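If you want the building blocks of each chain, they are given just below.
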Amino acid sequence: MLYRESGQFKSDYAADQAIFPIRQDRIGMAAILFAAFVVVPLIADHYFLSTILIPFLIFALAAIGLNILTGYCGQLSLGTGGFMACGAFAAYKFATAFPELNIVLVFLLSGGVAAAVGVVFGVPSLRIKGFYLAVATLAAQFFLIWLFTKLPWFTNYSSSGVISAPPRSVFGFYVTGIEATAEAKYIFCLTLVAVLALVAKNLVRGRIGRAWMAIRDMDIAAEIIGIRPLRTKLLAFAVSSFYCGVAGALWAFIYTSSVEALAFDINRSFQILFMIIIGGLGSILGSFLGAAFIVLLPIFLNVVPTALGVPLSTATIAHFEYMIFGALIVFFLIVEPHGLARLWQLAKEKLRLWPFPH
Amino acid sequence: MPPPADRAHDTFPKLLRRNANLRAMRVAMREKEFGIWQSWTWAAMEAEIRNLAKGLAAIGLKRGQTIALVGDNRPKLYWAICAAQCLGAIPVPVYQDAVADEMAFVIGHAETHIAIAEDQEQVDKLLLVAQKAPALTRIVFTDARGMRNYADPALLGYEALIAAGKAFDDSWLDAEIAKGKGGDASVMLYTSGTTGQPKGVLLSFDNVIRTAENAITFDKLSEADEILAYLPMAWVGDHIFSYAEAYVAGFCVNCPESGATVMTDLKEIGPSFFFAPPRIFENILTQVSIRMEDAGAIKRWLYRHFMAVAKRTGIALMDGKPVSAFDRLHYALGEILVYGPIKNVLGLSRMRLGYTAGEAIGPDIFDFYRSLGLNLKQLYGATETSVFICMQPDGQIKSDTVGIAAPEVEIKIAENGEVLVKSPGVFAAYYKNPDATSGAKTPDGYYRTGDAGFFDRDGHLKIIDRAKDVGRLSDGTLFAPKYVENKLKFFSYVKEAVAFGDGRDRVAVFVNIDLEAVGNWAERNGIAYASYQELAAKPEVYELIGGCVEQVNRDLAADPQLAGSQIRRFLVLHKELDADDGELTRTRKVRRGFIAERYAALVDALYSDADRAHISASITYEDGRKGRLDADLMIRDVKAAA
Amino acid sequence: MSEILLKVENVSLGFGGVKALSEVSFDIVKGEIRAIIGPNGAGKSSMLNCINGFYQPSAGRIVYKGVERSAMRPHAAAAGGIARTFQNIALFKGMSTLDNIMTGRLLKMKRGFFWQCLHWGPARAEEIAHREFVERIIDFLEIQAIRKTPVGRLPYGLQKRVELGRALAAEPELLLLDEPMAGMNLEEKEDMCRFILDVNEEFGTTIALIEHDMGVVMDISDRVVVLEYGRKIADGVPDAVKADKRVIDAYLGVAHE
Amino acid sequence: MIDILFGPLKEIWEFPAFFAEVVIGGLLSGVMYSLVALGFVLIFKASGVFNFAQGAMVLCAALTFVGFEELGAPIWLALILTLGVMLLMALAIERLVLRPLVNQAPIILFMATIGVTFFIDGLFQTIWGSDVKRLDVGIPKDPIEFAGVQVNSFDIVAALIAGALVGGLAFFFQSTRIGRALRAVADDHQAAQSVGIPLQTIWVIVWAVAGLVALVAGIMWGSKLGVQFSLALIALKALPVLILGGFTSIPGAIVGGLIIGMGEKVAEVYWAPGIGGGIEDWFAYILALVFLMFRPQGLFGEKIIERV
């Protein structure tokens, strides 16, 4: 309905291949970015920023990571939490070993460490496929968490095993540690996530993304075309783990301000997997939608029954959450495997054709 | 006549030069190819055309010779028009869907040596043509696909042609261009002609350019406009809109990817200036209705509601008539929810000016587009007048007239009602056909359009029929059968109508119902029927059609000249008129004379007092079998409106 | 004699106890259309799979461009200029026609990870350059209207055409077509024939094809190899093969009964 | 470092009885793994579904059983009622999840069973509560000494029950019409049609049998560890067993379970202390993974031939 595309023709390939070829979408995206960068920090309160928006952004980043591996390259991973933990602990080690190092660099480096670990656990993907591989990634999940819990080197020999993220600043603003304001943390996360999301989009719409999708859709045909399966899959593992690693570092440094392995247990892996199934496999937008959904649902379950006068116990809410997620997973896999992103696509199609049905 | 404003540029090659200087970086042409709109600026286009002109010179195209252009709307073919004109040759665009025989006549008649063909399909046809028109010795193809196995020495690829032109230098070409004068022949367009062989209409640069200039001023077209070139290049309208006006005004012409993608391409480009014959507008409207039928209840309601609003206020708003603030608001809301989106999907969002011509357009169809806020207008014209005879000025649009005389056009109505025209656009002569030329012009230099019409109270010309078909009732009243029939056919329930009255005391008609529309109506009203014949004989259907006829009479009564030819009696035919039975031409025009003979019994009954008539007629079934069909038909009287 | 592009010498292939191919030898000359025919289970697909490295022959040698090939993976064959289509369409279902054919050009695309991340500068220039090439293929195969349609939604005949486009995108020297016309109606078959001949003549691509439709094979191929139960029973120009007694018994006879 | 790696070997050498105790303990808990893995194999063989929900089914079965018992039902009634519930669940899963997803990629079905896992975990805990419940079906838990090796009698009984179940299943598959049909389905869905049993029915039966296996496993594990949410996690234990044994092999599930159980226990007792302990979470996985690199189809799985 709001779309007025007539007259928006493309006279070169660059414009035709743009991420947002329709002007209205570009305007919409600009509006969303403006709102996210300017309006939200001005009006949102501390609670909203630090318990909803920041985790949402971090989840979205991790979901992008998993989506690259599972949604685009077709390699199911249940080890997301392990790779996030890698990033978190690597960031801690970097930050404490080199206090002068810029925090952005620390995060990127820890993403790199996670990527390297991801590659190691991706090697079996040469020989094994499908759920065999999924099981192999569980090995990563359990092994890594065990490693970070049991080896005191990772926690700098702290007696409790729980450690606080050291304060660090960017452009003179603290973004980690107790002195950091919610606004600064939020803007920092947002910037990092926005840039990385753009990079992910660039990757998936180019040569590399097509190689991933070829492997996903028909690995034999892909190989016959000349795609090297192992290299391609390992690259997916690396990039995916990089994103998860950075997300893990953000989680520990910015969201919880403490580095602990338990935050990245198997349930975290499932949570991220649910995000991409509900949000949409093979969609960057879907990663955001899925993350938003999973962040908001518990809040919704907390608030609504109370508002209706039937407050639920915490345990019941947890069980309801389980049931709703489980049911939604099945529902989306049956009805719309491409998740909320696909629903949005369909809605957009409708809007573009409005008032015609087809 | 006032002197043209811009006499320094009296030919298209000179206009091209001017545009290349003035608008070097503006896009002159686009073509959808390889997934995107390939674009050429005026400067780039000039370079292409100059190379092409040199190539044509290299293969021997001389001043005064003709060159045939065969294919869909493609930039290279448009360039070839101008390239030929650079050399003083006369381009002859040929209907691309013509069969080889038709093409052979045109190419033979025009004594064409060189033809430029779009692709293999046209080359195949031209090779056949060359057997019948031996003068044709060079065939240039622009698309080399599938051409590798052709060994015919007449064939030459476009690239080879350009390469051959390298031998000619620029100053030589400049001199050739300078030799061109306004009075020279610029293009030859063959008119189909309902009878006999096509005639080649020679139009001079002055004809075409001055007409284009006038039309541009009249409709305030500018270099910012965009047009989609999708109608046959051999048709004068395309030549004027997509070539002449584009060169004069400097606007951009867009060529669709293929015939199959016109609608998609239309949507992408969103032209600001759009021409389509009534049939296309009707098809689009039908598509809109069909698609809306499939929509959900809310959308359907929105559509109906806001289309009703548009009907009330849209046209008044566009014509600048007073509209209440509430209606304006209501309409604005509709623009957001319905009109805007519909225009967008149809590709008409940016349409500033739309024209339709060629046939009468149904008032409902015409009003539909106008009520959406689209400035759709009608014009009246002919090949021989470089199109424009009458145009509708903004704000004075009626569905049943074709507007006032175009700038610099003088119109006279002859004794027999025929419209006579004198204008800068009137052609010089038919090619090699002096008899036809003299027959088409009055001694004082007016062109005989062959159409009958008259000016209404506001000075708008109303075309009613072909002049030769216009008759008179026994009391001398003007009777234009086609006008009456068209009025009836504008109702969706009426598929065909045949009007009688020449030499009789009153007008009577046969009506053919539209099975789909009337069938739907019957379903909605709970009327059961088993066959076309049964449905056609239902008294309720007679009521329905009677209502239509009365409405037609009211319309006719509004025009003093036509008030006397109101319909007094009608019957609904028991079978559909069919081209297989010879009742219609293959282009679905009624053959009035044949029908009058075949259904003589019914015609007699119409002019008697009987209220029933019997008919037995032979019919051809779809599988080719013949049979007889007997029927008793009712005849109804209709009151004349005051 | 023109240059031999590929030579198969005494190739055998076995799965467990089953012999799919036994000592098959033939050659493919540069620029020809070479058909491999035979009844079901004759080993035609296995032959193709050997040629493009999907299977390793258990005995015999394959000489490609004058060099004997050692065991290799299919992607190495692709890098050597061999492309193919599949009997059961093996398109990338989640991608559009355009992306499928672009994927066929992956081997030609060189820009590294860094530029891919930015999708700017050299990466974008490369992307556009290859898009231009791919658009020529789309134009060639007359599939403009389905450029951005996900291939899963296309009818069978068009999918086959897209698959051919994907193979062509690699600018192969040797194009292997596995039953390119299976399951098509007459009109689609004619189109496909035209495309195969056009590819062969306009791009000079050598083509080896497996096909069931005898009429089609005889019309378009230069030479024909006939396999039966994994053995070669005839080899030659279509007319000679048509007249061969063993072929008539093994194949044509059955087909014409 | 060397000490961490090789020190335990010396220990084994010096105290063989203790080592035997460890091995037997490991084998006995391996039987439990086998039992759960068996559920996976059954469903995978018959329907090609990798049923991640098997662990959740164990939990649900145990929860339901304890729940009915707490409501006062005698053991036999609770057993029957629980079986009924498991059958209903099998029906529901077949109808609501598997049937709409028929012909989908295996990985999609796998993810769907993850969804099922969460759903039934949440549902059964909502119904029966999430407190830890004690389950006692009367199996003695006294240690028995045999040739100087101490073994828990409970483990022996559990192993016997599991063995009986495996035997029963083997008989069922070998000698009954339905069993044969099930085997046919595993080989070829088309062939199964000719047996005259609708595919849907077969799936329901398989899921019901898997439910029964889950119930037995649930009661065994529940009696040993108490019925609580962590029971669902034993599914995660069964996964490496499957990799080791092969997804399609019943003997593989049994042998794989024994290997994993034993290996885990030995590693836990002898090597874990040197590197911080708690290795049972991942040891089986790494073991399976290393194994996988050499034999991707598992111990008893069939070699996969790729076709185009």
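Cut-offs and rules
- Residues numbered from 1 in each chain as written.
- Chains lettered and ligands numbered in written order.
- Predicted model: local features only at pLDDT ≥ 70, side-chain atom pairs only at ≥ 80, totals over all residues.
- Heavy atoms only, no water.
- Helix = DSSP H or I, 4+ residues; strand = E, 2+ residues; numbered from the N terminus.
- Contact = heavy atoms within 4.5 Å.
- Pairing = 2+ DSSP bridges.
- Axes fitted to C-alpha atoms, helices over the stretch in contact; angles between N-to-C directions.
- Core = buried A, V, L, I, M, F, W, Y, C linked by side-chain atoms within 4.5 Å.
- Buried < 20%, exposed > 50% of the residue type's maximum accessible area, 1.4 Å probe, protein only.
- Buried area = accessible area lost by both parts, 1.4 Å probe.
- Salt bridge = Lys/Arg side-chain N within 4 Å of Asp/Glu carboxyl O.
- Polar contact = N/O pair within 3.5 Å; in protein donor to acceptor, adjacent residues only side chain to side chain.

### Some words on the side chain of Gln 17 of chain A
Along the chain, Gln 17 of chain A falls in the loop between helix 1 (13–16) and helix 2 (23–43). Leave out the neighbours within four places in its chain, and Gln 17 of chain A touches Arg 205 of chain A together with Glu 127, Ile 128 and Arg 131 of chain C.

### Describing the sheet that holds strand 5 (residues 114–117) of chain B
All names here are of chain B. Spatially, five strands are ordered 4-3-5-6-7 in an open sheet, and the strand pairing comes out parallel. Looking at the sheet topology across the chains shown, the edges are occupied by strand 4 (90–94) and strand 7 (155–157). Strand-to-strand twist of the sheet, defined as the mean angle between neighbouring strand axes without regard to direction, takes the value 25 degrees. Where strand 3 (residues 66–70) and strand 5 come together, four bridges link them in parallel fashion. Residue pairing across strands places Ile 67 opposite Ile 114, the latter belonging to strand 5.

### Quick word on the nonpolar core
Across soluble globular proteins, you tend to see nonpolar side chains buried next to one another. Phe 107 and Phe 253 of chain A are the most contacted members of the largest nonpolar core, which has 265 residues in total. Of the residues forming this core, the biggest block, 17 residues, is contributed by helix 3 (residues 46–72) of chain A. Leaving out residues up to four positions away in the same chain, Phe 107 of chain A has contacts with Ala 91, Phe 188, Leu 192, Val 246, Ala 249, Leu 250, Phe 253 and Ile 254 of chain A. In this structure, Ile 227, Tyr 243, Leu 348 and Ile 365 of chain B belong to the second largest nonpolar core, which totals 130 residues.

### Details of the interface of chain D and chain A
Each partner contributes to the interface: chain D provides 48 residues, whereas chain A provides 37 residues. When the two sides are added together, the surface that chain D and chain A hide from each other amounts to roughly 4000 Å², 83% of it contributed by carbon and sulfur. Linking chain D to chain A there are zero salt bridges. At the junction of chain D and chain A, the tally comes to zero residue pairs in polar contact (both at pLDDT 80 or more). Those elements giving two or more residues to the side of chain D that touches chain A turn out to be helix 4 (75–98), helix 5 (106–128), helix 10 (234–245) and helix 12 (283–294) of chain D. Tallying contributions element by element places helix 5 of chain D first for the side of chain D that touches chain A, with 16 residues.

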